[in-house]
Amino acid sequence: MFGIITLNRVIQGLNSRWRNLYYKMLGVHLHGYIWMRQIEIPRNFQDIEIESNCALDQGVILLCSGEPLTHPKIHIGADTYINRNTFLDAIESLTIGNNCAIGPGCYITDHDHGLDPNFPPLAQPMVSKPTIIGDRVWIGANVTILKGVTIGCDTVVGAGSVVTKDLPERAIAVGVPAKVIKQRIDP
């Protein structure tokens, strides 16, 4: 049994190294080794930058749309873990800090469609504002973070929350929409 587990880990490690090479060749800016399970980057590879020692778990999607910019549209800081089936969706700027933990099933974006009543939803122009997640932020499972939000460093966002407005540093926030329920204090 131990041999099968070890062999499985070796195979996963080799697959991860292959994905690093593959995405680097396509233009993703990888700084150091990134643990990658089966992730998806459908296009605009050059618009993504990932710092060292990150881990992207099974089913993570990094989607950049629109024309290339002079800066990365998605930037993931060092030592950050993004859990299964999380979707990062950017057209302008989505920044995740260092040492963050993002739970499974999250959706994080920097844009949405306009609200002009003369156009159907998919004909609306895109409206974008940078979304920023500070360092050491912990985002629970199935959290949605909408455009233009800044989440301060050391903040915790509870599972199932929808973040529509900025959250301060060292806060604990939950709900739909997410509201601060208390501040984290030093032990």
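Residues numbered from 1 in each chain as written. Predicted model: local features only at pLDDT ≥ 70, side-chain atom pairs only at ≥ 80, totals over all residues. Heavy atoms only, no water.

1. Here's the deal with the sheet that holds strand β14 (residues 131-133)
So the rule is basically this: At least two DSSP bridges between two strands are needed for those strands to be called paired. Helix and strand assignments come from DSSP, with helices taken as H or I runs of at least 4 residues and strands as E runs of at least 2, each series counted from the N terminus.
Spatially, β1-β3-β6-β9-β14-β17 is the arrangement adopted by the six strands of the open sheet, whose pairing is parallel. The open sheet has two edge strands, β1 (29-30) and β17 (150-151), and neither has a second partner.

2. So, unusual backbone geometry
Quick note on the threshold: Partly exposed residues are those whose accessible area sits between 20% and 50% of the maximum for their type, while under 20% is buried and over 50% is exposed, using a 1.4 Å probe and protein chains only.
Here Val-176 and Pro-177 are connected by a cis peptide whose omega angle stands at -5°. With respect to the helices and strands, Pro-177 occurs in the loop between β20 (171-174) and β21 (179-183). Positive phi, close to 60°, is recorded for Asp-79, a residue that is not glycine. Examined against the element boundaries, Asp-79 turns out to sit in the loop between β6 (74-76) and β7 (81-82). Taking relative accessible area as the criterion, Asp-79 reaches 39% and is therefore assigned partly exposed.

3. Here's the deal with the pattern of salt bridges
Under the convention used in this document: When a carboxyl oxygen of Asp or Glu is within 4 Å of a side-chain nitrogen of Lys or Arg, the pair counts as a salt bridge.
Evaluation of the coordinates by the stated rule reveals five salt bridges. Notably, a salt bridge pairs Lys-147 with Asp-112, separated by 3.0 Å at the nearest N-O pair. Note that Lys-147 is positioned in the loop between β16 (144-145) and β17 and Asp-112 in strand β12 (residues 111-113), a separation of 35 residues in sequence. Here the salt bridges do not stand alone but share partners, grouping Arg-136, Asp-154 and Arg-170 into one network.

4. Let's talk about the pairing of β21
Across the five residues that make up β21, only a small minority, zero, are buried. With four bridges connecting them, β20 and β21 associate as antiparallel partners. Residue pairing for β21: Ala-171 is matched across the bridge by Gln-183. Connecting β20 to the antiparallel partner β21 that follows it, the hairpin turn spans four residues, and Gly-175 within it adopts a positive phi of roughly 110°.

5. Some words on the nonpolar core
We apply this condition: Buried residues of nine kinds, namely Ala, Val, Leu, Ile, Met, Phe, Trp, Tyr and Cys, make up a nonpolar core once their side-chain atoms join them within 4.5 Å. Contacts are assigned to residue pairs that have any heavy atoms within 4.5 Å of one another.
Grouped together as the largest cluster of nonpolar side chains are 38 residues, with contacts concentrated most on Leu-62 and Ile-76. Residue assignment for this core shows that the elements contributing at least two residues are β3 (48-50), β5 (61-64), β6, β8 (87-90) and β9 (94-96). For Ile-76, the contacting residues outside a window of four places in its chain are Glu-49, Ile-50, Glu-51, Cys-54, Leu-56, Leu-62, Ile-82, Leu-88 and Ile-96.

6. Structural notes on the packing of aromatic side chains
We apply this condition: Here the aromatic set is Phe, Tyr and Trp, taking the six-membered ring for Trp, and pairing holds for ring centres within 6.5 Å; pairs whose planes are under 30 degrees apart are stacked, those over 60 apart are edge-to-face, and all others are tilted. Charge-over-ring placement is defined geometrically: NZ (Lys) or CZ (Arg) within 6 Å of the ring centre, and within 35 degrees of the ring normal.
Per the stated rule, a full pass over the model turns up four aromatic pairs. Note on Tyr-22 and Tyr-23: the rings are 5.1 Å apart at their centroids and 65° apart in plane angle, and the pair reads as edge-to-face. Taking 6.5 Å as the distance between ring centres and 40° as the angle between the ring planes, the aromatic pair formed by Tyr-23 and Phe-45 counts as tilted. With Tyr-23 in helix α1 (residues 2-26) and Phe-45 in the loop between β2 (35-36) and β3, the pair connects residues that are 22 residues apart, well separated along the chain. For Tyr-23, a relative accessible area of 7% gives the class buried. Among the residues examined, Phe-45 registers a relative accessible area of 17% and is labelled buried. A connected cluster of aromatic rings, assembled from ring pairs, spans Trp-18, Tyr-22, Tyr-23 and Phe-45. In this structure, Arg-17 packs its charged tip against the face of Tyr-33, placed 4.3 Å from the ring centre.

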